[in-house]
Amino acid sequence: MCTPRSTFLAEDFIISCGTVTFDPKLERYLIIVRVTPMQGGAISHDYFLPEGRKRIDETLLDCALRSTYEVTGISVDSALLPVHTNAPPLPVEDMVQINTRMNGHEQSVEESSVSRVKTSREDWWLREDNILDFNTSDVHMSEEASHEPIAVTQRINSSNHLEQTFWFGAQAESSKYPCPSWEQFQLHQNGSVERTLPIWVTWERAVDNLSRESDKDVMRYMDDLVAINNVVM
């Protein structure tokens, strides 16, 4: 179990990212089922939220969206949600860059943030008070709509690495990406080949069948966010 001051070097931890994808029109959630043939003709089913390993220099959000596409074949969009985050708000100029990036323009959030921080650190001595506080330990609770992670889960995996998974809210239209419903999957689950399939299910069905308790916790929180009236989907 990790303590508040646990230290894991780069070689000892893994970062993964995933999404809880919601179809606001049909009120369905996207999950994946892993079908594993067993001896004697039996079939094992495991249900998970889509996720994947982060690549070098990839942002957490980009990793979550890419991994969801690679696992399910479904292209999802980041959902703007009223996440109860401790992250402090960005300066106005950085918010402009985020909106620019979300609209498909060239300059990235990283370029804007790095430029601002570099200038701040180099020119600190020009300030009248000659003090620049870089303390990030203060808690700032915000409920403004954002694309921040809605949860992070962690576990020690089979290779004895700490694996942290950052979860993001996402949205997609299930009608544009048809895949088996729960009922269709139950009717066509025979087979002798291990495979992974995406399926659209109700929230109740997802919570009842997800194999990991941590996935269920994330799903419950996502449903709470979706239920808030001022969510922008």
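If you're wondering where the values come from, they're calculated on a predicted model, not measured in any experiment.

*Asks:* How should I be thinking about the overall build of the protein chain in this particular structure?
*Replies:* When helices and strands are counted, the protein chain shows six helices and eight strands. For the protein chain, the succession of helices and strands along the chain, N to C, is β-β-β-β-α-β-α-α-β-β-α-β-α-α. Counting only contacts in the protein chain whose residues sit at least 6 apart along the sequence, the fraction spanning at least 24 positions is 66%. For the protein chain, the accessible area works out to roughly 14600 Å², and carbon and sulfur atoms hold 50% of it.

*Asks:* What am I meant to see in the confidence of the model for the protein chain here?
*Replies:* Detailed reading of the predicted coordinates is not advisable wherever pLDDT is low. In this model, the protein chain carries an average pLDDT of 78, and 65% of its residues clear a pLDDT of 70 or more. Contacts from residues 107-137, a stretch scored under 50 in pLDDT, to residues over four places away or in other chains number 25 contacts. Ignoring residues within four places in sequence, the model shows residues 229-233, a span with pLDDT below 50, making 12 contacts including any to other chains.

*Asks:* Explanation requested: a nonpolar patch on the surface in the structure shown.
*Replies:* A cluster of nonpolar side chains, namely Phe8, Phe13 and Ile156, defines an oily patch on the protein surface of about 240 Å² accessible area. With respect to the helices, strands and loops of the structure, Phe13 is situated in strand S1 (residues 13-23). Among the residues examined, Phe13 registers a relative accessible area of 31% and is labelled partly exposed.

*Asks:* Can you walk me through empty space enclosed by the protein in this structure?
*Replies:* Think of a ball as big as a water molecule: rolled over the atoms, this probe shows where empty space is left. Evaluation of the coordinates by the stated rule reveals one cavity of 30 Å³ or more. Its volume calculated, the largest cavity comes out at about 30 Å³. Lining the largest cavity, in full, are Ser78, Ala79, Leu81, Val83, Ser146, His147, Glu148, Ile150, Phe168 and Gly169. Taken together, the residues of the lining of the largest cavity break down into five nonpolar, four polar and one charged.

The rules behind each value
Residues numbered from 1 in each chain as written. Predicted model: local features only at pLDDT ≥ 70, side-chain atom pairs only at ≥ 80, totals over all residues. Heavy atoms only, no water. Helix = DSSP H or I, 4+ residues; strand = E, 2+ residues; numbered from the N terminus. Contact = heavy atoms within 4.5 Å. Areas by Shrake-Rupley, 256 points an atom, 1.4 Å probe, with all protein chains shown as cover. pLDDT = per-residue confidence, 0-100. Patch = residues over 30% accessible without salt bridge, like charges linked within 9 Å, V, L, I, M, F, W, Y side chains within 5 Å. Salt bridge = Lys/Arg side-chain N within 4 Å of Asp/Glu carboxyl O. Buried < 20%, exposed > 50% of the residue type's maximum accessible area, 1.4 Å probe, protein only. 1 Å grid on protein atoms, 1.4 Å probe; cavity = no way out; pocket = protein on both sides within 12 Å on 5 of 7 lines; lining within 4 Å. Points joined across faces, edges and corners; volume = space filled by probe spheres on them. Nonpolar A, V, L, I, M, F, W, Y, C, P; charged D, E, K, R; others polar.

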